[in-house]
Amino acid sequence: MDTSLTFTPERGTELAENVKEVLAEIEAVKPSGSSPRLVAISKIKPPSDIQALYDAGHRHFGENYIQEMAEKAQILPGDICWHFVGALQSNKANLIASIPNVFVLETLASRKLADKLQSALAKADQSRVLNVYLQVNTSGEDAKSGLEPLTADSVASAELADLAIHIRDSCSQLKVTGLMTIGSWDASHAEGENPDFLRLCETRLNLARILGVEEGSLDLSMGMSADFAEAIRAGSCSVRVGTRIFGARPKKGAK
Ligand SMILES: *Cc1c(COP(=O)(O)O)cnc(C)c1O
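- Per an unreviewed UniProt entry, the recorded name for the protein chain is Pyridoxal phosphate homeostasis protein, and the organism is Cutaneotrichosporon cavernicola.
- UniProt lists a comment for the protein chain under the heading Sequence similarities (unreviewed entry), and it reads "Belongs to the pyridoxal phosphate-binding protein YggS/PROSC family."
- Taken directly from UniProt, the Cofactor (unreviewed entry) text for the protein chain runs: "pyridoxal 5'-phosphate".

**Side note on the UniProt feature "domain: Alanine racemase N-terminal" (unreviewed entry) in the protein chain**
Phase 1: The UniProt feature table records "domain: Alanine racemase N-terminal" (unreviewed entry) at residues 50-250.
Phase 2: For residues 50-250, helix accounts for 39% and strand for 17%, while the C-alpha atoms at its two ends are 17 Å apart.

**Some details on the pairing of strand β8 (residues 238-241)**
Phase 1: What you see with β8 is no split at all: Ser238 and Arg240 on one side and Val239 and Val241 on the other are buried throughout.
Phase 2: Relative to β8, strand β1 (residues 37-41) runs parallel, the two sharing 4 bridges. Looking across to β8, one finds that Val39 is bridged to Arg240.

**Comments concerning unusual backbone geometry**
Phase 1: One non-glycine residue, Ile44, lies in the positive phi region at around 70°.
Phase 2: Tracing the sequence through the fold places Ile44 in the loop between β1 and α2 (47-55).
Phase 3: On the basis of relative accessible area, Ile44 is assigned to the partly exposed category, the value being 27%.

**Focus: the site of the ligand**
Phase 1: With respect to spatial proximity, 13 residues lie near the ligand, and among them Lys43, Ser225, Gly242, Thr243 and Arg249 are the closest.
Phase 2: One nitrogen or oxygen atom from the side chain of Asn64 is found 3.2 Å from an oxygen atom belonging to the ligand.
Phase 3: Here a nitrogen atom of the ligand sits 2.9 Å away from a polar atom, N or O, in the side chain of Arg240.
Phase 4: In the complex, the protein chains occlude 90% of the 390 Å² of accessible area that the ligand would expose alone.
Phase 5: Of the residues assigned to the shell around the ligand, the class counts are 6 nonpolar, 4 polar and 3 charged.

**Observations concerning the pattern of salt bridges**
Phase 1: Applying the stated criterion across every chain, the model contains 15 salt bridges.
Phase 2: Among the salt bridges present, the one from Lys30 reaches Glu27, with a minimum N-O distance of 3.4 Å.
Phase 3: Accessibility expressed as a relative area gives 24% for Lys30, which makes it partly exposed.
Phase 4: Counted as one network, the salt bridges with shared partners bring together Arg11, Glu14 and Asp49.

Procedures and definitions
Residues numbered from 1 in each chain as written. Predicted model: local features only at pLDDT ≥ 70, side-chain atom pairs only at ≥ 80, totals over all residues. Heavy atoms only, no water. UniProt positions renumbered as here; feature names shortened; annotations may be inferred. Helix = DSSP H or I, 4+ residues; strand = E, 2+ residues; numbered from the N terminus. Buried < 20%, exposed > 50% of the residue type's maximum accessible area, 1.4 Å probe, protein only. Pairing = 2+ DSSP bridges. Near = heavy atom within 4 Å. Polar contact = N/O pair within 3.5 Å; in protein donor to acceptor, adjacent residues only side chain to side chain. Areas by Shrake-Rupley, 256 points an atom, 1.4 Å probe, with all protein chains shown as cover. Nonpolar A, V, L, I, M, F, W, Y, C, P; charged D, E, K, R; others polar. Salt bridge = Lys/Arg side-chain N within 4 Å of Asp/Glu carboxyl O.

Structure (structure tokens):
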């Protein structure tokens, strides 16, 4: 990884303008009284791009590869709020626990990983609580990670509810603060309401009912470059936007 934090004025201006545009689009469609968060997904992009947006006042960034996030977190300012949005293998629990400024791990979907994270955190710092979102496979595609959505008929033994209860009762250093989904490519490129977003909303409603908590205590992380405006209209609290801010990504591995 190129570790330079120096960016050209042109690149700095371009990135800041892209963020400004996305924020304006969010502002134009958000429900009144809500303040959705923009997470700039900086995977594969150089640390200097992140530094440029940091200097322009942006703080929430998301990464997909844990090693890359750890390296970036080490050289970039400590008040960046990192979102981990990739698949995390349980043997990487110690690595994520070693990064102090992780704002949320967005992709938790197994009891095994929850338990590994709990013990990694207990070893690293017993006063630290790590926020997690549970990932939901709203589109039901085999290639997508995540737990099955909840419906009005779901009970506490449903896998997603069971994991949330397990974390509440047995993982004192993890806190479920929301739900995340990616959804299908087709749904995110179609006009009108996105059924995957509706399923995430329904899942939150039913998880809140089963846990006996306020629906508003759980964030919804949904919406990417192609569909963040629709996601905001559907009630998203946190959109994850990469390409619209940083431009197209090279394929990982292509050099
Ligand atoms: C890469 C990625 C994004 C950003 O996607 P864009 O289409 O580039 O905005 C959002 N969420 C997740 C989980 C990602 O991996």
